[in-house]
Amino acid sequence: MAQLWGGRFTKETDQLVYQFNASISFDQRFFREDIEGSIAHVVMLEKQGILTGEEKDAIVKGLTGIRQDVEEGRLAITDEYEDVHSFVEANLISRIGDAGKKLHTGRSRNDQVALDMKLYTRNQVVEIDDRLKELLQVLNKIMEENLHTYMPGFTHLQKAQPITLAHHMGAYFEMFKRDRGRMRDIYSRMNFSPLGSGALAGTTYPLDRYYTASLLGFEGPTDNSMDSVSDRDYVIELLSALSTIMMHLSRFSEEIIIWNCNEYGFVEIDDTYSTGSSIMPQKKNPDIAELVRSKTGRVYGALMAILTTMKGIPLAYNKDMQEDKEMTFDAIDTVKGCLQLFTGMMESMTFKKDRMETSAMMGFTNATDAADYLVKKGVPFRDAHSIIGRLVLYCIDKGSSIDALTIEELKQISAVFEEDVYREISLETCVEKRLTHGAPSAQIMKKQVEANAQYLKEGDWKHE
Ligand code: ARG
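Nothing here was measured: the structure is a model prediction, and the numbers come from that model.

## Remarks on the overall build of the chain
Next up, step 1: From N to C terminus, the chain includes 19 helices and six strands.
Next up, step 2: Taking 464 residues into account, the globule formula puts the C-alpha radius of gyration at 23 Å, and the chain, at 30 Å, lies well above it.
Next up, step 3: On the principal axes, the C-alpha backbone points of the chain span a range of 100 × 50 × 40 Å.
Next up, step 4: Here the chain holds 464 residues, and the buried ones make up 50% of them.
Next up, step 5: The long-range share in the chain, meaning contacts at least 24 apart out of those at least 6 apart in sequence, stands at 75%.
Next up, step 6: Roughly 22,400 Å² of accessible area belongs to the chain as shown, and the carbon and sulfur atoms make up 51% of that amount.
Next up, step 7: For the chain, the distance from the average position of its 54 positive side-chain charges to the average position of its 71 negative side-chain charges is 2 Å.

## With respect to the pairing of strand E1 (residues 150-155)
Next up, step 1: Sheet analysis places E1 next to strand E2 (residues 158-164), joined by six bridges and oriented antiparallel. From the neighbouring strand, phenylalanine 154 faces E2, where its bridge partner is lysine 159.

## With respect to the site of the ligand
Next up, step 1: For the ligand, the full set of nearby residues is Ser23, Asp27, Asp83, His85, Arg109, Asn110, Val113, Tyr317, Gln322 and Lys325.
Next up, step 2: One of the side-chain nitrogen or oxygen atoms of serine 23 is found 3.0 Å away from a nitrogen atom of the ligand.
Next up, step 3: Lysine 325 places a polar side-chain atom, nitrogen or oxygen, 2.6 Å from an oxygen atom of the ligand.
Next up, step 4: Relative to its free-state accessible area of 340 Å², the ligand is covered by the protein chains to the extent of 86%.
Next up, step 5: No other element matches helix H6 (residues 109-145), which puts three residues into the shell around the ligand.
Next up, step 6: Grouping the constituent residues of the shell around the ligand by class yields two nonpolar, four polar and four charged.

## Describing helix H3 (residues 31-47)
Since the α-helix packs 3.6 residues into each turn, any two residues three or four apart lie on the same face.
Next up, step 1: Helix length check: H3, at 17 residues, gives a terminal C-alpha distance of 24 Å against a target of 24 Å (1.5 Å per residue), a fit within 8%.
Next up, step 2: Counted residue by residue, H3 has 12 buried out of 17 residues, so it is predominantly covered.
Next up, step 3: For H3, the full list of buried residues reads Phe31, Glu33, Asp34, Ile35, Gly37, Ser38, Ile39, Ala40, His41, Val42, Met44 and Leu45.
Next up, step 4: Here the buried face of H3 lies against helix H2 (24-27), helix H4 (53-71), helix H5 (84-96), H6 and helix H8 (209-215).
Next up, step 5: Glycine 49 lies just past H3 and shows a positive phi near 80 degrees.

## With respect to the nonpolar core
Next up, step 1: Core analysis: the largest hydrophobic core is formed by 94 residues, its most contacted members being Met169, Met183, Leu242, Leu249, Trp259 and Met346.
Next up, step 2: Top contributing element to this core by residue count: helix H10 (residues 233-260), with 15 residues.

## Examining the side chain of arginine 122
Next up, step 1: If you trace the backbone, arginine 122 turns up in helix H6.
Next up, step 2: The charged side chain of arginine 122 is buried without a salt bridge, its nearest counter-charge being glutamate 36 at 5.0 Å.
Next up, step 3: Within the local environment of arginine 122, its side chain forms a polar contact with the backbone oxygen of leucine 216, the two atoms lying 2.7 Å apart.
Next up, step 4: Filtering out sequence-adjacent residues up to four positions away, arginine 122 remains in contact with Tyr187, Met190, Asn191, Leu216, Gly217 and Phe218.

## What to know about the packing of H4 against H5
Next up, step 1: Look at H4 against H5: their axes get within 9 Å of each other, and the N-to-C directions meet at 115 degrees. In this structure, the crossing between H4 and H5 has a hand that is right-handed. Touching Ala58, Ile59, Gly62, Leu63, Gly65, Ile66, Asp69 and Val70 of H4 are Phe87, Val88, Asn91, Leu92, Arg95 and Ile96, all from H5.
Next up, step 2: For the contact of H4 with H5, the residue count by class is nine nonpolar, three polar and two charged.

## Some points on the environment of alanine 201
Next up, step 1: Mapped onto the elements, alanine 201 comes out in the loop between strand E3 (192-193) and H8.
Next up, step 2: For the pair formed by alanine 201 and serine 228, sequence separation is 27 residues and the distance between their alpha carbons is 9.9 Å.

## A look at the side chain of threonine 429
Next up, step 1: Residue position: threonine 429 is located in helix H18 (residues 427-432).
Next up, step 2: Judged by its relative accessible area of 14%, threonine 429 is buried.
Next up, step 3: Sequence-distant contacts of threonine 429, that is, excluding residues within four places in its chain, are made with Arg423 and Glu424.

## Thoughts on the packing of helix H7 (residues 165-190) against helix H19 (residues 442-458)
Next up, step 1: Contact pair H7 / H19: the axes reach a minimum separation of 11 Å and the direction vectors enclose 30 degrees. In terms of their interaxial angle, H7 and H19 are classed as roughly parallel. In this structure, H7 crosses over H19, and the sense of that crossing is left-handed. When H7 is examined against H19, the residues Ala166, His167, Phe173, Glu174, Lys177 and Arg180 are found in contact with a partner set consisting of Met445, Gln448, Asn452, Tyr455 and Leu456.
Next up, step 2: Its residues assigned to classes, the contact of H7 with H19 comprises five nonpolar, three polar and three charged.

Parameters at a glance
Position numbers for residues start from 1 in each chain and track the written sequence from start to end. Totals for whole chains, interfaces and linings use every residue, but because this is a predicted model, local features are given only for residues with pLDDT of at least 70 and side-chain atom pairs only at 80 or more, for both listing and counting. Side-chain calculation: all heavy atoms of the structure are included, whereas hydrogens and water are not. Starting at the N terminus, helices and strands are each numbered in turn, a helix being any DSSP run of H or I of at least four residues and a strand any DSSP run of E of at least two. Throughout, radius of gyration means the C-alpha value; the globule benchmark is 2.2 Å times the number of residues raised to the power 0.38. Only protein chains enter the accessibility calculation, which uses a 1.4 Å probe; a residue is then buried when its area is under 20% of its type maximum, exposed when over 50%, and partly exposed in between. Whether two residues touch is decided by their heavy atoms; if any such pair falls within 4.5 Å, the residues are in contact. Throughout, the Shrake-Rupley method with a 1.4 Å probe supplies accessible areas, and for residues the shown protein chains are the sole cover considered. Charged residues are defined narrowly, with Lys and Arg counted positive, Asp and Glu counted negative, and His plus the chain ends left uncounted. Every charge is mapped to an atom, namely NZ of Lys, CZ of Arg, CG of Asp or CD of Glu. By the convention used here, strands pair only if DSSP detects at least 2 bridges between them. One heavy atom within 4 Å of a molecule or strand is enough for the residue carrying it to be called near that molecule or strand. Any pair of N or O atoms that falls within 3.5 Å is considered a polar contact. Within protein, one atom must be able to donate a hydrogen and the other to accept it, and sequence-neighbouring residues count only if both atoms are side-chain atoms. Throughout, the ten residues Ala, Val, Leu, Ile, Met, Phe, Trp, Tyr, Cys and Pro are labelled nonpolar, Asp, Glu, Lys and Arg are labelled charged, and all others, Gly among them, are labelled polar. The span you would expect from a helix comes to 1.5 Å times its residue count less one. We define a nonpolar core as any set of buried Ala, Val, Leu, Ile, Met, Phe, Trp, Tyr and Cys residues linked to one another through side-chain atoms lying within 4.5 Å. One side-chain nitrogen of Lys or Arg within 4 Å of one carboxyl oxygen of Asp or Glu is enough to make a salt bridge. Angles shown run from 0 to 180 degrees and are taken between the N-to-C directions of axes, each axis being a line fitted to C-alpha atoms and, for helices, limited to the stretch in contact. Handedness of a helix crossing follows the sense of rotation of the near helix relative to the far helix, less than a right angle counterclockwise being left-handed and clockwise being right-handed. By definition in this entry, angles of less than 35 degrees are roughly parallel, angles greater than 145 are roughly antiparallel, angles of 65 to 115 are roughly perpendicular, and the rest are oblique.

The structure is reproduced here in structure tokens:
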């Protein structure tokens with residue numbers, strides 16, 4: 001057991017207590033951030049005259065050596081240390097001797113862990129944003145290639161009105177674009193450094209918090225030392241945004257699963273993204289989409305866990321906060337994995353355009369347009385709605401579609417129908433006449449695809 005705080009104790013910690021308390025098994029994940037933060041801290045300590053140049057150089061060299069040795073497999077992070085901070089400090093002292101004991105001057109593990117978690121999370125926000133961008137690129141490509149791929153649009157999972165595949169993909173483009181916006185917001189709100197807040201009440205050493213903040217790429221230092229060491233809002237915001245990403249991915253997965261089923265056959269998931277059955281030779285299952293859909297639960301779980309953990313904690317630091325890590329790491333890994341796999345699945349998927357178009361022609365997706373046709377001929381909309389309702393009933397009885405009826409049959413239900421009705425309620429007209437902003441016609445969607453491409457080119461927010 002290697003602990004940083006043995007001085008006031010007369011007995012050894014119970015082994016089970018030690019294990020229950022230890023965080024090394026999971027906080028070793030941010031050992032690089034721990035070293036990065038420590039280097040910034042000692043560079044500042046020297047600038048402020050708290051350490052000598054030699055001490056600073058020895059510490060920086062020692063810390064860099066530890067990082068290298070861990071990365072290259074010469075030094076293992078083991079559970080003989082309580083947490084990653086103890087691991088780094090103990091190793092530093094054994095490498096460089098007494099100078100190493102000065103690293104923690106004017107610092108507490110409370111501001112240290114707050115910093116490490118922030119640095120780690122901040123990098124992850126950028127990585128998740130990159131993955132979202134990759135997905136958006138794939139979606140916009142599918143959109144570009146399918147401006148004229150007609151398919152039914154649904155409400156209540158009942159065929160409603162015809163749309164295009166580009167339009168449907170475009171809906172998801174908007175969702176993931178907003179998710180990127182959330183990443184950007186979180187980044188800008190969290191980007192303040194807690195380092196130098198001490199245990200809770202700052203310190204009497206003349207630390208330059210602005211300097212360490214700028215060394216670490218933060219916009220500035222946080223403004224209240226008690227808040228600094230006990231704020232986990234940004235973790236909650238991130239988990240909330242990750243939950244929203246998963247909710248979007250899960251809805252999308254659900255649609256892919258439906259589209260991929262034998263009855264729909266709108267898409268075929270590529271062999272490389274499907275799995276088989278051990279007993280039924282004909283099976284090709286959409287496991288990836290199903291797993292993405294199910295993993296949403298664990299990300300929501302992480303959000304609920306940290307919200308609950310934080311709700312009863314008095315200021316400032318309490319050990320409860322150690323529980324912010326494992327589930328957050330799991331949620332981050334889950335979302336990154338799901339985004340990557342989902343993107344690959346979409347990129348390699350085959351869209352069965354004929355099936356989509358045939359489906360769009362069935363199921364009375366042009367019924368609204370048929371009613372609008374009558375309205376244009378002077379019939380009040382409510383009457384038109386009722387006429388077309390009767391027409392649909394007639395078609396259901398006959399097993400036909402509206403546009404397959406003869407003009408005589410149409411005229412029997414309303415004398416207003418003329419030959420031009422066929423053109424006016426064709427699939428093409430139903431889609432291409434929809435010219436309002438955000439509507440599915442190719443004319444409008446083409447502009448949207450261009451705007452999306454422009455956004456993907458320019459919409460990057462860059463950080464060091
Ligand atoms: N492992 C701890 C955590 O994750 C580090 C901070 C310990 N601070 C303390 N006062 N015990 O929160």
